[in-house]
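# Structural features, examined
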Amino acid sequence: MHSEDLSAWPGTETHAENSSLPCGTVLDYRPAEHLLQSHADLWLTPLTGVHPETHGGVWSNVLNQADRVLCAPRARRRRR
């Protein structure tokens, strides 16, 4: 099961293939701040280099900067 590849993420849990939960279902009841920090630690910061603490933990600013980083290569390709 592909969720086993995310063993460091506390929100994943394997379940029997015959269960009623479709693939990709995540039951995670942590507070929103913990969810956002977990996502940043696991993939957003490694992918973009954007650190939440740089933006004072203001998630809208963090996500805007990550969007700029991710869209930059596309914008460079369009200018060529």
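This text goes with the structure placed above it.
## Re the overall build of the protein chain
The number of helices and strands found in the protein chain is 2 helices and 0 strands. Expressed as a percentage of the 80 residues in the protein chain, the buried residues total 18%. Residue pairs at least 24 apart in sequence account for 12% of intrachain contacts in the protein chain once pairs closer than 6 positions are excluded. Carbon and sulfur atoms provide 55% of the accessible area of the protein chain, an area that totals close to 6100 Å².

## Let's talk about a nonpolar patch on the surface
Together, Leu 42, Trp 43, Leu 47 and Leu 70 line one region of the surface with nonpolar side chains, adding up to about 380 Å² of accessible area. Here the element with the most residues in the nonpolar patch is helix H1 (residues 32-48); it accounts for 3 residues. Tracing the backbone through its elements, the reader meets Leu 47 in helix H1. Note on Leu 47: relative accessible area 53%, which makes it exposed.

## Notes on the nonpolar core
In this structure, Ala 40, Leu 44, Val 50, Trp 59, Val 62 and Ala 66 together form the largest nonpolar core, which totals 6 residues. Of all the secondary structure elements, the ones that give two or more residues to this core are H1 and helix H2 (59-79). In this structure Val 50 touches Thr 45, His 55, Val 62, Gln 65, Ala 66 and Val 69, once residues within four positions along its chain are discounted.

## Topic: the side chain of Thr 45
Assignment of secondary structure puts Thr 45 in helix H1. Overall, Thr 45 belongs to the buried group, its relative accessible area being 13%. From its side chain, Thr 45 meets the backbone oxygen of Val 50 in a polar contact 2.7 Å long. If sequence neighbours within four positions are ignored, Thr 45 has contacts with Ala 40, Val 50, His 51 and Pro 52.

## Regarding the side chain of Thr 48
Tracing the chain through its elements places Thr 48 in helix H1. For Thr 48, a relative accessible area of 12% puts it in the buried group. In contact with Thr 48, other than residues within four places in its own chain, are Ala 66, Val 69 and Leu 70.

## Thoughts on H1
Taking 1.5 Å per residue as the helical rise, H1 with its 17 residues ought to reach 24 Å, whereas the 21 Å between its terminal C-alpha atoms falls clearly short. At Ala 40, H1 shows its maximal bend, which comes to roughly 55°. For H1, the complete set of buried residues consists of Ser 38, Ala 40, Leu 44, Thr 45 and Thr 48. Looking one or two places after H1, you find Gly 49, whose phi comes out positive at around 80°.

Scoring rules and cut-offs
Residues numbered from 1 in each chain as written. Predicted model: local features only at pLDDT ≥ 70, side-chain atom pairs only at ≥ 80, totals over all residues. Heavy atoms only, no water. Helix = DSSP H or I, 4+ residues; strand = E, 2+ residues; numbered from the N terminus. Buried < 20%, exposed > 50% of the residue type's maximum accessible area, 1.4 Å probe, protein only. Contact = heavy atoms within 4.5 Å. Areas by Shrake-Rupley, 256 points an atom, 1.4 Å probe, with all protein chains shown as cover. Patch = residues over 30% accessible without salt bridge, like charges linked within 9 Å, V, L, I, M, F, W, Y side chains within 5 Å. Salt bridge = Lys/Arg side-chain N within 4 Å of Asp/Glu carboxyl O. Core = buried A, V, L, I, M, F, W, Y, C linked by side-chain atoms within 4.5 Å. Polar contact = N/O pair within 3.5 Å; in protein donor to acceptor, adjacent residues only side chain to side chain. Expected span 1.5 Å × (residues − 1). Bend = angle between axes of the 7 residues up to and from the residue.

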